[in-house]
Amino acid sequence: MYGLMQQRELLISGLIEFAQKNHADTEIISRRVEGDIHRSNWAEVGKRSQQIAHALKRMDLAVGSRVATLAWNGYRHLELYFGVSGTARVLHTINPRLHPDQLAWIVNHAEDEVLCFDMTFLPLVQALHAKTPTVKHWIALCDTHQLPKDSGIPGLQSYEGWIGQEDSAFDWPQFDENTASSLCYTSGTTGHPKGTLYSHRSTLLHAFGAALPDVMNLSATDSVLPVVPMFHVNAWGLPYSCAMVGAKLVFPGPAMDGKSVYELIEQEHVTFAAGVPTVWQMLLSHMKPLGVRFSSLKRTVIGGSACPPSMIHAFKQDHGVEVLHAWGMTELSPLGTLCSLKNKHMSLPLDQQMKIRLKQGRSFFGVDLKILNDQGQLQVHDGQSYGDLYAKGSWVINKYFKQAQSPLIDGWFPTGDVATMDEDGYMQVVDRTKDVIKSGGEWISSIDIENIAVSHPSVAMAACIAIADPKWDERPIVVVVVKPGLVLSKEELLAFYVGKTAKWQIPDDVIFVDAIPIGATGKILKNKLREDLLKREAP
Ligand code: ADP
């Protein structure tokens, strides 16, 4: 027997319809490529996304065609999120920080037909367009008068020229909620990038889940700053969740340095921000010498790579900002866990609460996690025993785009992370499977070693990698960037480890470098670091 309720498909157009109607004057603020601040609101975003819908129809673009973006976080990108997906075409957000050859590979693999780009990326597009035959329309995210005269890109149009004359009322089509909505490729540190193709249903369920009080706790009282790029797993779904709850959105554009981010937070009374640890490191380093504080920021989600405890402490103690440590992956839309406390933790002393907050957190309704030991059996939940982490759920990948074989094992997605789980379901990432250091048959977590290093007052950044060892197989070494103007010796740093970790886990060596290579999504590139170090040693 069926229930007797209305069937309304879970569609992305429903989100913008809702926000446009119910939160019309809630602001959408963007720092533009030109450096100025642009002010819009949900009503405008709604109207302009309907203009996009008309413009796409005029291009005669089939349902399911891919419309790509090479763009920063901003209002035009947001409009494309709704205009493209709302009409059952697929928004393919591309990470512009990838190597040009990889970019061309991705565009060709996705068979993108339209490519919209911020003017910052004009040189990139000029190098790309001859290698990407499927792209029929090139659109620069600017005004018509800002279009370059001789770009060399055939038929280049401006975004404002493209949508400007269109009607701002469009009847959003209704279709199956399992229809593809957006596409995001993993950065592919090994092999070719792989595409995760989200559906309207997975996107909406993820948006519901992310907004829950124990997750991001988003509401119409929030002013939300996604520093995490809209080309990186849809800015962790924030554009969708914010439309769902009617939150104000504040976009940093290309300016993600500490000074610009701090100014934007203060000017726009940001209450909630989200990004990877490297961005927050830049922000805190900017603020510390100036002795400035946040006047509105309450919570910040930090994820994408392990958030060092020292950063959680700095936010809490120096600024009264609650850090929500989160773990996720492109293949998980991306949220897998977020660290918030339970009722029984509220009476614990602060230092014990902090111990919990340092973990990557617990899953919430919609994602299920399991950890298997070396024998493929369920690992005990004691917070100590580790194993391979698997996920399944309503917004977890089933198959990669254009790959016949599913990556699932018995219906579960292998995340490639090694983790522990405690009795209360709090998961802690020990390492990525390929980064864990195996010394004398025991495992050393490179994350733990890095966290200790960055808690030293003179260390700006640290990466722990393995070196081959004839006796122990592998031993850890730590590569360190010292804060400007400070000095640190190898002996001092190694002495700092004593008492903070088991003796045999203390790195064998410290290598000081000027910079550590950071990848397209703000994570340390350990492969590149290993190569660089080998090159250094070669002469
Ligand atoms: P890519 O490898 O393309 O950067 P993702 O951005 O999807 O792909 O990265 C997912 C991986 O990032 C996870 O499998 C995990 O190793 C790492 N990660 C994400 N969040 C955290 C976190 N809070 N702590 C530790 N590692 C994390």
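All values derive from a computational prediction rather than experimental measurement.

> An account of the domain arrangement of the protein chain is requested, with residue identities and associated values reported.
What the domain assignment lists for the protein chain is domain 1 (12–212), domain 2 (366–432) and domain 3 (437–537). Averaged C-alpha coordinates put domain 2 and domain 3 at centres separated by 27 Å. In this complex, domain 2 contributes 5 residues to the contact, which on the side of domain 3 involves 5 residues. Buried area between domain 2 and domain 3, summed over both chains or domains, comes out near 520 Å², and the portion from carbon and sulfur atoms is 54%. Among the residues domain 2 hides against domain 3, the three largest losses belong to Y386, V430 and D431. Together they make up 69% of the total. Run the count over domain 2 and domain 3 and you get 0 salt bridges. Our count for the domain 2 to domain 3 interface comes out at 2 residue pairs in polar contact (both at pLDDT 80 or more). For the side of domain 2 that touches domain 3, the residue count by class is 4 nonpolar, no polar and 1 charged.

> Any chance you could break down the packing of aromatic side chains for me, citing the residues and the numbers?
In total, this model carries 11 aromatic pairs according to the counting rule given. Ring geometry for W280 and F315: centres 6.2 Å apart, planes at 85°, overall edge-to-face. Pair noted here: W280 is in helix α11 (residues 277–290) and F315 is in helix α12 (residues 309–319), with a separation of 35 residues, a long-range link. The same class applies to W280 and to F315, which are both buried. One cation-aromatic arrangement involves K370 over Y390; the distance from NZ or CZ to the ring centre is 5.5 Å. Over the ring of F496 we find K500; its NZ or CZ atom is 3.7 Å from the centre of that ring.

> Could you give an account of the sheet that holds strand β12 (residues 272–275), with specific residues and numbers?
One open sheet holds the 8 strands; their spatial order is β2-β1-β11-β10-β12-β13-β14-β15, and the pairing between them is mixed. With one partner strand each, in any of the chains shown, β2 (37–41) and β15 (335–338) form the two edges of the open sheet. Strand-to-strand twist across the sheet, computed as the mean angle between neighbouring axes with direction ignored, equals 20°. Here strand β1 (residues 27–31) runs beside β2; their pairing, made up of 5 bridges, is antiparallel. Counterpart to E27 in the pairing with β2 is N41.

> Summarise the sheet that holds strand β18 (residues 413–421); cite the residues concerned and give the values.
Across the sheet, 4 strands lie side by side as β16-β17-β18-β19; this open sheet has antiparallel pairing. Each edge of the sheet is formed by a strand with only one pairing partner; in this case those strands are β16 (367–372) and β19 (427–432). The average undirected angle you get between the axes of adjacent strands in this sheet is 45°. Here 6 bridges tie β16 to strand β17 (residues 386–393), and the two strands are oriented antiparallel to one another. Paired with D368 across the bridge in β17 is K392.

> Please set out the pattern of salt bridges residue by residue, giving values where relevant.
Applying the stated rule across the entire model yields 28 salt bridges. Here E160 and R76 are joined by a salt bridge, their closest N and O atoms 2.9 Å apart. With E160 in helix α6 (residues 159–163) and R76 in helix α3 (residues 75–86), this residue pair connects regions lying 84 residues apart in the sequence. Here E160 and R76 have matching classes, each one buried. Its salt-bridge partner being K136, residue E113 comes within 2.7 Å of it at the nearest N-O pair. Remark: K136 occurs in the loop between α5 (122–128) and β6 (137–140) and E113 occurs in strand β5 (residues 112–117); sequence separation between them is 23 residues. With a relative accessible area of 19%, E113 lands in the buried category. Linked by salt bridges that have partners in common, E27, R39, K248 and E268 make up one network.

> Account for the pairing of β6, with residues named and values stated.
As defined by bridge partners, β5 adjoins β6 across 4 bridges and the pair is classed as parallel. Within β6, the position partnered with C116 by the bridge is I139. Note that the unit made of β5, α5 and β6 has a crossover that is right-handed. With 2 bridges joining them, β6 and strand β7 (residues 157–158) adopt parallel strand pairing. Residue pairing in the sheet places I139 in a bridge with Q157 of β7.

> Tell me about helix α14 (residues 446–454), residues and numbers included.
Burial analysis of α14 places 8 of its 9 residues in the buried class, which makes it a mostly covered element. Of the positions making up α14, those classed as buried are S446, I447, I449, E450, N451, I452, A453 and V454.

Calculation notes
- Residues numbered from 1 in each chain as written.
- Predicted model: local features only at pLDDT ≥ 70, side-chain atom pairs only at ≥ 80, totals over all residues.
- Heavy atoms only, no water.
- Domains from an automatic or database assignment.
- Contact = heavy atoms within 4.5 Å.
- Buried area = accessible area lost by both parts, 1.4 Å probe.
- Salt bridge = Lys/Arg side-chain N within 4 Å of Asp/Glu carboxyl O.
- Polar contact = N/O pair within 3.5 Å; in protein donor to acceptor, adjacent residues only side chain to side chain.
- Nonpolar A, V, L, I, M, F, W, Y, C, P; charged D, E, K, R; others polar.
- Phe/Tyr/Trp six-rings, centres within 6.5 Å; stacked < 30°, edge-to-face > 60°.
- Helix = DSSP H or I, 4+ residues; strand = E, 2+ residues; numbered from the N terminus.
- Buried < 20%, exposed > 50% of the residue type's maximum accessible area, 1.4 Å probe, protein only.
- Lys NZ or Arg CZ within 6 Å of the ring centre and 35° of its normal.
- Pairing = 2+ DSSP bridges.
- Axes fitted to C-alpha atoms, helices over the stretch in contact; angles between N-to-C directions.
- Right-handed = clockwise from strand over helix to strand, strands pointing away.

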